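# Structural description and commentary
One letter stands for each residue in the lines below.
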Amino acid sequence: MRLNAMIHTALGALFKAASTKPPKYPILTVLDDFVAIGKLKDLANYVNIGRGIGLWTVVTTQYVSQLKADEEKALQDAFSTVIAYSASGETAEWLAKRI
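Residues numbered from 1 in each chain as written. Predicted model: local features only at pLDDT ≥ 70, side-chain atom pairs only at ≥ 80, totals over all residues. Heavy atoms only, no water.

## Looking at the packing of aromatic side chains
Just so we agree on the cut-off: Each Phe, Tyr or Trp ring, with Trp reduced to its six-membered ring, pairs with another whose centre is within 6.5 Å; inter-plane angles below 30 degrees give stacked pairs, above 60 give edge-to-face pairs, and intermediate values give tilted ones. Here a strand is any run of E in DSSP of at least two residues, a helix any run of H or I of at least four, and the numbering for each starts at the N terminus. Three labels apply to residues, based on accessible area from a 1.4 Å probe with only protein chains included: buried if under 20% of the type maximum, exposed if over 50%, partly exposed otherwise in between.
Summed over the entire model, instances satisfying the criterion amount to 1 aromatic pair. When the centroid spacing of 6.0 Å and the interplanar angle of 50° are considered together, the rings of Phe 15 and Tyr 46 count as tilted. Taken together, the residues span a long stretch of sequence, with Phe 15 in helix H1 (residues 2–20) and Tyr 46 in helix H3 (residues 43–52) at a distance of 31 residues. Owing to a relative accessible area of 25%, Phe 15 belongs among the partly exposed residues under this scheme. Relative accessible area serves as the criterion here: at 6%, Tyr 46 is assigned to the buried category.

Put into structure tokens, the structure is as follows:
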């Protein structure tokens, strides 16, 4: 849980700074193995609003099934690009529906 709190605090600080004074160059945030971090409150809002103020976000997960239904829907709505390698099973079905 500490990692979750640290990441939430860092994203909040980035968001506050960028919304006060947008960065000259985009800032990329990468959340690797996202499900191991735990649920991040308002991640979809951070992604949607952050995109407009120079904050770019990449979220990775091994399987779509690792996401809870509410997270999957919120993230699917927030991200316009999906990159997949060697998808199979439930993830392949999810990608086929998305395309």
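## Points about the nonpolar core
To keep it simple, the criterion reads: To define a nonpolar core, start from buried Ala, Val, Leu, Ile, Met, Phe, Trp, Tyr and Cys residues and group those joined through side-chain atoms within 4.5 Å. Here, two residues are considered to be in contact whenever any of their heavy atoms come within 4.5 Å of each other.
Counting 15 residues, the largest nonpolar core has Leu 31, Leu 43, Tyr 46 and Val 47 as its most contacted members. At the level of secondary structure, the elements contributing two or more residues to this core comprise H1, helix H2 (34–37), H3 and helix H4 (69–78). Looking at which element gives the most residues to this core, the answer is H3, with 4 residues. If we ignore the near neighbours within four places in the chain, the residues touching Val 47 are Thr 57, Ala 78 and Phe 79.

## Focus: H1
Cut-off, in case you're wondering: Residue count minus one, scaled by 1.5 Å, sets the expected span of a helix. Taken from the helix axis, the directions to the C-beta atoms give the arc we talk about.
Spanning 19 residues, H1 covers 27 Å between terminal C-alpha atoms, matching the ideal 27 Å at 1.5 Å per step. Among the residues of H1, those classed as buried are Asn 4, Ile 7, Leu 11 and Ala 18. Taken down its axis, H1 places every buried residue within 70° of arc, on the same side. Seen from the buried face of H1, the exposed residues on the opposite side, beyond 90 degrees, are Arg 2, Met 6, Thr 9, Lys 16 and Thr 20. Tucked into the core, H1 has its buried residues touching strand S1 (27–31), H2, H3 and strand S2 (55–59).

Shape descriptors only; they carry no functional weight alone.
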